[in-house]
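Here's the letter readout for the chains.
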Amino acid sequence: MPEVAWMQAALGGLFGLLIGSFLNVVIYRLPKMMERQWAADCAEVSGQPAPAGATEEKFNLLVPRSRCQQCGHAIRWYENVPIASYLFLRGRCSSCKTPISPRYPVVELATGLLFAWCAWRWGWTWTAGAWCLFAAVLVALTLIDWDTTLLPDDLTLPLLWAGLIAAMLGWTGVALPDAVWGAIGGYLSLWLVYWAFKLATGKEGMGYGDFKLFAALGAWFGWQALVPIILMASVIGAIVGIALKLMSSLREGGVVPFGPFLAMAGITAMIFGPQSILRAIGL
């Protein structure tokens, strides 16, 4: 039986590497797709012609082909093999030799490890597939929010609905009423914090995407997990924020998005369980 589990984990990890490669595309392109759509919508409302970039070339998650951002070299299939191509190319474009960000193989590796863990924990089951989907979306949301301070509805809302559906089908071990109340409680709790902070300071402390992401986590883990998850997210956020401040690495305005820490707390809860978070901090 252990040999079967390790084989399932290995296959899950290989599949995760491929999904991780696709997540790199999502992380880079989805915000740009949103910006193009916003520009086109604004032009339509104002009666102005659409910006050239919004209409010149079809641009989505599938087309055009991936290319070097420096020289425009189209990435060949054998230059896009997860991790292996990065090592073979020594982290540089095969055409212009511009360094390739190490984040690409890191995303692939992280996704592969998460998928391998899900396959090892739950085998080749619908439950494993559900949690693989959960992990993949959180990886994408983490880096999109870190780069742009955006949490796209195209990811947070499907994640919320997927959590409710998975609960209804018994894939998460969370009763459907608990999942529904988790979604409601997750959204309203941060919504109330947002308005309390805004009324007290006149500033916006977080975005509506954070409410939706926390609601999605509530749907996946149930209302009982909301306190452990928000505590873990706050601890991770405080540690990272202090580290960035000490290294003088805070972005302009000192903005540190909260979404990545919510996502990290969600992955922690998936691996260790929400209650283990409370035990770890002595509660």
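Quick summary incoming for the structure in this document. What you see is a predicted model; the values in this text were computed from it and never measured.

## Some thoughts on the overall build of the protein
Okay, so step 1: Counting secondary structure elements, the protein contains 11 helices and 0 strands.
Okay, so step 2: Ordered by position from the N terminus, the helices and strands of the protein form the series α-α-α-α-α-α-α-α-α-α-α.
Okay, so step 3: Taken over C-alpha atoms, the radius of gyration comes to 20 Å for the protein, in line with the 19 Å a tight globule of 283 residues would show.
Okay, so step 4: With the principal axes as the frame, the protein shows a C-alpha extent of 60 × 55 × 40 Å.
Okay, so step 5: Long-range pairs, those at least 24 residues apart, make up 69% of the contacts in the protein with a sequence separation of at least 6.
Okay, so step 6: Element-wise, carbon and sulfur atoms account for 68% of the exposed surface of the protein, whose accessible area totals about 15,800 Å².
Okay, so step 7: Averaging the coordinates of the 18 positive side-chain charges in the protein and doing the same for the 16 negative ones gives two points 8 Å apart.

## A look at helix 5 (residues 126–148)
Okay, so step 1: Over its 23 residues, helix 5 extends 33 Å from the first C-alpha to the last, a length consistent with the 33 Å expected when each residue adds 1.5 Å.
Okay, so step 2: Positive backbone phi, approximately 60 degrees, marks threonine 149, located one or two places after helix 5.

## A short note on the environment of alanine 215
Okay, so step 1: For alanine 215, the position within the fold is in helix 8 (residues 208–221).
Okay, so step 2: Classification of alanine 215 by relative accessible area gives buried; the value is 3%.
Okay, so step 3: Separated by 24 residues in the primary sequence, alanine 215 and isoleucine 239 have C-alpha atoms spaced 24 Å apart.
Okay, so step 4: Setting aside chain neighbours within four positions, we find alanine 215 in contact with Leu160, Gly182, Ala183, Gly186 and Tyr187.

## A look at the pattern of salt bridges
Okay, so step 1: Taken as a whole, this structure holds 4 salt bridges when the rule is applied.
Okay, so step 2: Its salt-bridge partner being glutamate 204, residue lysine 198 comes within 3.4 Å of it at the nearest N-O pair.

## Some details on the packing of helix 8 against helix 10 (residues 259–272)
Okay, so step 1: At a minimum axis distance of 10 Å, the contact between helix 8 and helix 10 shows a crossing angle of 5 degrees. What the angle tells us is that helix 8 and helix 10 run roughly parallel. On helix 10, the residues that touch Asp210, Leu213, Phe214, Leu217 and Phe221 of helix 8 are Gly259, Leu262, Ala263, Gly266, Ala269 and Met270.
Okay, so step 2: The class makeup of the residues in the contact of helix 8 with helix 10 is 8 nonpolar, 2 polar and 1 charged.

## Quick look at unusual backbone geometry
Note on backbone geometry: most residues besides glycine have negative phi, and most peptide bonds are trans.
Okay, so step 1: Proline 64 follows valine 63 through a cis peptide bond whose omega is -5 degrees.
Okay, so step 2: Mapped onto the fold, proline 64 is located in the loop between helix 2 (52–55) and helix 3 (84–88).
Okay, so step 3: In the Ramachandran plot, arginine 90 falls in the positive-phi region, its phi being about 60 degrees despite a non-glycine side chain.
Okay, so step 4: Residue placement: arginine 90 occurs in the loop between helix 3 and helix 4 (103–122).

## Brief notes about the side chain of threonine 127
Okay, so step 1: Note on placement: threonine 127 falls in helix 5.
Okay, so step 2: The exposure class assigned to threonine 127 is buried, which follows from its relative accessible area of 17%.

## Regarding the packing of helix 4 against helix 10
Helix-helix packing is characterised by the crossing angle of the two axes and by the distance between the axes.
Okay, so step 1: In contact at an axis separation of 11 Å, helix 4 and helix 10 are set at 30 degrees when each is read in the N-to-C sense. In terms of axis orientation, helix 4 runs roughly parallel to helix 10. Every pair of crossing elements has a handedness; the one defined by helix 4 and helix 10 is left-handed. Every residue of helix 10 that contacts helix 4 at Leu114, Trp117, Cys118 and Trp122 is listed here: Ile267, Met270 and Ile271.
Okay, so step 2: Taken together, the residues of the contact of helix 4 with helix 10 break down into 7 nonpolar, no polar and no charged.

## Re the nonpolar core
Okay, so step 1: Phe134, Leu138, Leu159, Trp220, Phe221 and Met270 are the most contacted members of the largest nonpolar core, which has 61 residues in total.
Okay, so step 2: Secondary-structure elements contributing two or more residues to this core are helix 1 (2–46), helix 4, helix 5, helix 6 (153–168), helix 7 (176–201), helix 8, helix 9 (226–246) and helix 10.
Okay, so step 3: Looking at this core element by element, the count peaks at 14 residues for helix 5.
Okay, so step 4: Sequence-distant contacts of leucine 159, defined by excluding residues within four places in its chain, comprise Phe134, Val137, Leu138, Leu141, Leu213, Ala216 and Trp220.

## A look at the environment of tryptophan 161
Okay, so step 1: On the secondary structure map, tryptophan 161 appears in helix 6.
Okay, so step 2: Residue classification places tryptophan 161 among the exposed positions, given a relative accessible area of 55%.
Okay, so step 3: As a C-alpha pair, tryptophan 161 and tryptophan 220 span 59 residues in sequence and 9.4 Å in three-dimensional space.

Conventions we followed
Residues numbered from 1 in each chain as written. Predicted model: local features only at pLDDT ≥ 70, side-chain atom pairs only at ≥ 80, totals over all residues. Heavy atoms only, no water. Helix = DSSP H or I, 4+ residues; strand = E, 2+ residues; numbered from the N terminus. Rg over C-alpha atoms; globule rule 2.2 N^0.38 Å. Contact = heavy atoms within 4.5 Å. Areas by Shrake-Rupley, 256 points an atom, 1.4 Å probe, with all protein chains shown as cover. Lys, Arg positive; Asp, Glu negative; His and termini not counted. Charge placed at Lys NZ, Arg CZ, Asp CG, Glu CD. Expected span 1.5 Å × (residues − 1). Buried < 20%, exposed > 50% of the residue type's maximum accessible area, 1.4 Å probe, protein only. Salt bridge = Lys/Arg side-chain N within 4 Å of Asp/Glu carboxyl O. Axes fitted to C-alpha atoms, helices over the stretch in contact; angles between N-to-C directions. Parallel < 35°, antiparallel > 145°, perpendicular 65-115°, else oblique. Nonpolar A, V, L, I, M, F, W, Y, C, P; charged D, E, K, R; others polar. Left-handed = near helix turned anticlockwise from the far one by under 90°. Core = buried A, V, L, I, M, F, W, Y, C linked by side-chain atoms within 4.5 Å.

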